[in-house]
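# Architecture at a glance
Below, each chain spelled out in residue letters.
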Amino acid sequence: MIRGTNMNKKKKSAALYVNIVLAVIIAGLYLTLVSPYAMDAVATSGLPIYKGSSKDCVALQCTVTWDAAAIPSILDLLKERDLRITFAVSGEWAERNGGMLSRMAAEGHEIATLGYSPTLEGGLSSIKSDLKRSINAIKSVTGSAPQLFCCSGRNSSICARAAAQFDLTPVMCTLDLVCANGTANDILTRVIGNTNGGDILLVSPTAAFAQALPDILDYLASEGLTVASVSSTIYS
């Protein structure tokens, strides 16, 4: 009877040990995934950055490739509030909208790349070629190569490997505000209670987002959070 009891204790101890080891591994993987430290973290995790380290800033990462009619009003408001964010543009859009891209850069906003054709899928060579084309398109307008690659919905591992070839930091987002769906109030509701320092909020320049933006900025300010670029948030 005693021997059986000892065996049960050993089994329970072994199970507890296994559970602890698994918990440590899972925690380590999670921390690696959300690590705010750029190139070393990316190199070890093989994944883009989803969240920054700042306690006081929230990044707005505005992807620009198709529906961009609201950009002038968004830029006007950001200039009025003296705020700079990140505009992640496609190479296609950059080539067609050089004047607007120049304004973004001239007003101090960070310019990131989405790749030339953001919906393009493929292996490493295809993504590298697409990425190089986008870098050239942006640089020809702004005079500077982007430092960030917004991977969007592409394969994150391939994006990270491609980004490394051009000394780009691959990023995604903490929270997607899904600006193509719903009203301005719907977009605002997705922010309230769901945003913390270091978060990267993915937005797009829709009319609904432009309408929601003043209230979003007011809400974040009331929470003690400053809106900033992605780089300001992940490298704080």
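Residues numbered from 1 in each chain as written. Predicted model: local features only at pLDDT ≥ 70, side-chain atom pairs only at ≥ 80, totals over all residues. Heavy atoms only, no water.

### Structural notes on the confidence of the model for the protein
The predicted model of the protein has a mean per-residue pLDDT of 86, with 80% of residues at 70 or higher. Across residues 20-45, confidence stays below pLDDT 50; counting only partners more than four residues off in sequence or on other chains, it has 27 contacts. (pLDDT = per-residue confidence, 0-100. Contact = heavy atoms within 4.5 Å.)

### Remarks on the side chain of Gln61
Positionally, Gln61 belongs in strand β1 (residues 57-64). Within polar-contact distance, the side chain of Gln61 engages the backbone oxygen of Met172 at 2.9 Å. Not counting residues within four places of it along the chain, the set of residues in contact with Gln61 comprises Thr86, Ala88, Cys150, Val171, Met172, Cys173, Ile200, Leu201, Leu202, Val203 and Val230. (Helix = DSSP H or I, 4+ residues; strand = E, 2+ residues; numbered from the N terminus. Polar contact = N/O pair within 3.5 Å; in protein donor to acceptor, adjacent residues only side chain to side chain.)

### Here we look at the state of the cysteines
For the structure shown, the criterion picks out zero disulfides. For Cys150, which is in no disulfide, the shortest distance to another cysteine sulfur is to Cys151 and amounts to 6.8 Å. According to the relative accessible area criterion, Cys150 is buried, its value standing at 1%. Just so you know, Cys151 is unpaired, no disulfide at all, and the nearest cysteine sulfur is the one on Cys159, 3.9 Å from it. (Disulfide = S-S within 2.5 Å. Buried < 20%, exposed > 50% of the residue type's maximum accessible area, 1.4 Å probe, protein only.)

### Considering the pattern of salt bridges
For the coordinates displayed, the defined rule picks out six salt bridges. Two residues, Arg103 and Asp76, come together in a salt bridge whose shortest N-O distance is 2.6 Å. Of this pair, Arg103 sits in helix α5 (residues 98-106) while Asp76 is found in helix α3 (residues 71-81), placing the two residues 27 residues apart along the sequence. Residue Arg103 is classed as partly exposed on the basis of its relative accessible area of 25%. Here Asp82 ties to Arg84 by a salt bridge, and the two come within 2.8 Å at their closest N and O atoms. (Salt bridge = Lys/Arg side-chain N within 4 Å of Asp/Glu carboxyl O.)

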